[in-house]
Amino acid sequence: MEAGDLLRVIICCGGVILLGITMSSLAKRRMTESFCLAWGIISVALILAGILLRPTMWNRYISITGMFLVLLLGFAVIYIAFFLSTRVSELMRKNQELAMQVSLLNWEKNELWKKVEELSRQMEEKSL
């Protein structure tokens, strides 16, 4: 098997694995839908690149060891970007949750303020 064919197989497998991880993180609600859509498109692009691109003269420009280093670096960049996407999604979800809690606290504060004003009026009326 030549280096170009091996590269195609690795890229296709990486795309399939990335698609599976993306679907899993969507099902577990670890990532928002917009990020999952972007990662789904990236994984499908990787699969299509592995199928459609044919690096025939790859051996002239890079050795097999160099190819593995480039692939390792590429997958590390993809992993870091995916990790950051999950963290940003978690922060967005927590931010939305905090906004809802603040809204509920403001509503409760207004309700308590109305009751305090009502009680103070009743106290004034009784004192007169």
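Going by the structure above, here's the rest.
An account of the accompanying structure is given in this report. Owing to the predicted nature of the structure, the values given are computational and were not obtained by experimental measurement.

1. Description of helix α2 (residues 33-52)
Part 1 of the reasoning: Between its first and last C-alpha, α2 extends 28 Å over 20 residues, near the 28 Å set by a 1.5 Å rise per residue.
Part 2 of the reasoning: Buried residues belonging to α2 abut α1 (3-27) and α4 (64-127).

2. Describing the nonpolar core
Part 1 of the reasoning: One finds Leu18, Met31, Cys36, Trp39, Leu46 and Phe82 forming the largest nonpolar core, which totals 6 residues.
Part 2 of the reasoning: In contact with Cys36, not counting residues within four places along its chain, are Thr22, Ser25, Leu26 and Met31.

3. Quick look at the layout of surface pockets
Part 1 of the reasoning: In this structure, the largest pocket spans a volume of roughly 180 Å³.
Part 2 of the reasoning: Every residue along the wall of the largest pocket is listed here: Gly14, Ile17, Leu18, Ile21, Leu46, Phe75, Ile78, Tyr79 and Phe82.
Part 3 of the reasoning: For the lining of the largest pocket, the elements supplying multiple residues, two or more each, are α1 and α4.
Part 4 of the reasoning: Split by residue class, the lining of the largest pocket holds 8 nonpolar, 1 polar and no charged.

4. Focus: the pattern of salt bridges
Part 1 of the reasoning: Enumeration according to the criterion identifies 2 salt bridges in this entry.
Part 2 of the reasoning: Where Glu33 meets Arg29, a salt bridge forms, and the shortest distance between an N and an O atom there is 3.0 Å.
Part 3 of the reasoning: For Arg87, the salt bridge is made with Glu90, and the minimal N-O distance between the two is 2.9 Å. On the criterion of helical spacing, the pair formed by Arg87 and Glu90 is a turn pair, its members being 3 residues apart in helix α4.
Part 4 of the reasoning: Given a relative accessible area of 36%, Arg87 falls into the partly exposed group.

Calculation rules
- Residues numbered from 1 in each chain as written.
- Predicted model: local features only at pLDDT ≥ 70, side-chain atom pairs only at ≥ 80, totals over all residues.
- Heavy atoms only, no water.
- Helix = DSSP H or I, 4+ residues; strand = E, 2+ residues; numbered from the N terminus.
- Expected span 1.5 Å × (residues − 1).
- Contact = heavy atoms within 4.5 Å.
- Core = buried A, V, L, I, M, F, W, Y, C linked by side-chain atoms within 4.5 Å.
- Buried < 20%, exposed > 50% of the residue type's maximum accessible area, 1.4 Å probe, protein only.
- 1 Å grid on protein atoms, 1.4 Å probe; cavity = no way out; pocket = protein on both sides within 12 Å on 5 of 7 lines; lining within 4 Å.
- Points joined across faces, edges and corners; volume = space filled by probe spheres on them.
- Nonpolar A, V, L, I, M, F, W, Y, C, P; charged D, E, K, R; others polar.
- Salt bridge = Lys/Arg side-chain N within 4 Å of Asp/Glu carboxyl O.

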